[in-house]
Amino acid sequence: MLFRSVHLPRFLTRKLGQSDPLASASNVLTLTIVPNCEVSPGSNVTLVGLTGSATDDTMSLDVSSGDQEWFLSTGEWRRTEGYLRVVVGGSGLRNGSVYSVSFMLQNKNDTQEPPAVSIKMTVKSSVGPDDGEGVYEDVEKSGESAVGVARGAEALRVYVPGFRTKLIWQRNPLVSASNNLSVMLEPNCDVAEIGRAHV
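Only a predicted model underlies this, so the values are computations on that prediction, with no experimental measurement involved.

A.B. asks: Any chance you could break down empty space enclosed by the protein for me, citing the residues and the numbers?
C.D. replies: Under the defined criterion, the tally for this structure stands at two cavities of 30 Å³ or more. Of the volumes computed, that of the largest cavity is approximately 60 Å³. Looking at the largest cavity, the residues that line it are Leu16, Pro114, Pro115, Val117, Val139, Glu140, Lys141, Glu154 and Ala155. Looking at side-chain class alone, the lining of the largest cavity contains six nonpolar, no polar and three charged residues. For the second largest cavity, the calculated volume is near 30 Å³. Every residue lining the second largest cavity is listed: Leu31, Val45, Leu47, Leu84, Val86, Val101 and Phe103. Those elements that provide at least two residues to the lining of the second largest cavity are β3 (44–48), β6 (83–87) and β7 (99–106). In terms of residue class, the lining of the second largest cavity is built from seven nonpolar, no polar and no charged.

Shown next, in the form of structure tokens:
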């Protein structure tokens, strides 16, 4: 009797982080994966659960794997489901190797806890019409900080920038006198050199 071994295609490593948790900011998300099998060109990597962004649906969301051509340069994005599908390019992905792909979303304009994100792969068959189908598994959240926000590198955590301390005082209250006013501000995140505060 002939027995066939069946192997479930999945990712041994599946990590997702972001560059900027601040409300309304452009935010670069980076996915790092390690497949447990050879993944041929034309195969799909699918994320679901990336909910809460302000980026509209598109069939051509820009994606980047740096100087490499591990993935095609655009992916399918659906905002409501937080769905992103990217296609493997080049010569495919090798079993046990590390790969990264980045894409940009716009954060929403109010606070959000990071959603639960899942990932699966569909491996294009070289011998027939039916592809190898994985199952959705949880993506690991980054516990790192970003722009001074604790756990701010967790994908689609959104944080509204503001001030913990807001004080203003004057030196001279007398009528018609010259008066120096002082302001003390303590931000709740890192503020870039070109950042502005309006008083």
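A.B. asks: Let's hear about the side chain of Asn107: which residues, and what values?
C.D. replies: Tracing the backbone through its elements, the reader meets Asn107 in the loop between β7 and β8 (118–123). Owing to a relative accessible area of 1%, Asn107 belongs among the buried residues under this scheme. A polar contact of 2.9 Å, which involves the side chain of Asn107, links it to the backbone oxygen of Asp20. Within the local environment of Asn107, its side chain forms a polar contact with the side chain of Asn27, the two groups lying 3.1 Å apart. Those residues in contact with Asn107 that sit more than four places away from it in its chain are Asp20, Pro21, Leu22, Ala23, Ser24, Ala25, Asn27, Ala54, Leu156 and Val158.

Criteria and thresholds
- Residues numbered from 1 in each chain as written.
- Predicted model: local features only at pLDDT ≥ 70, side-chain atom pairs only at ≥ 80, totals over all residues.
- Heavy atoms only, no water.
- 1 Å grid on protein atoms, 1.4 Å probe; cavity = no way out; pocket = protein on both sides within 12 Å on 5 of 7 lines; lining within 4 Å.
- Points joined across faces, edges and corners; volume = space filled by probe spheres on them.
- Nonpolar A, V, L, I, M, F, W, Y, C, P; charged D, E, K, R; others polar.
- Helix = DSSP H or I, 4+ residues; strand = E, 2+ residues; numbered from the N terminus.
- Buried < 20%, exposed > 50% of the residue type's maximum accessible area, 1.4 Å probe, protein only.
- Polar contact = N/O pair within 3.5 Å; in protein donor to acceptor, adjacent residues only side chain to side chain.
- Contact = heavy atoms within 4.5 Å.

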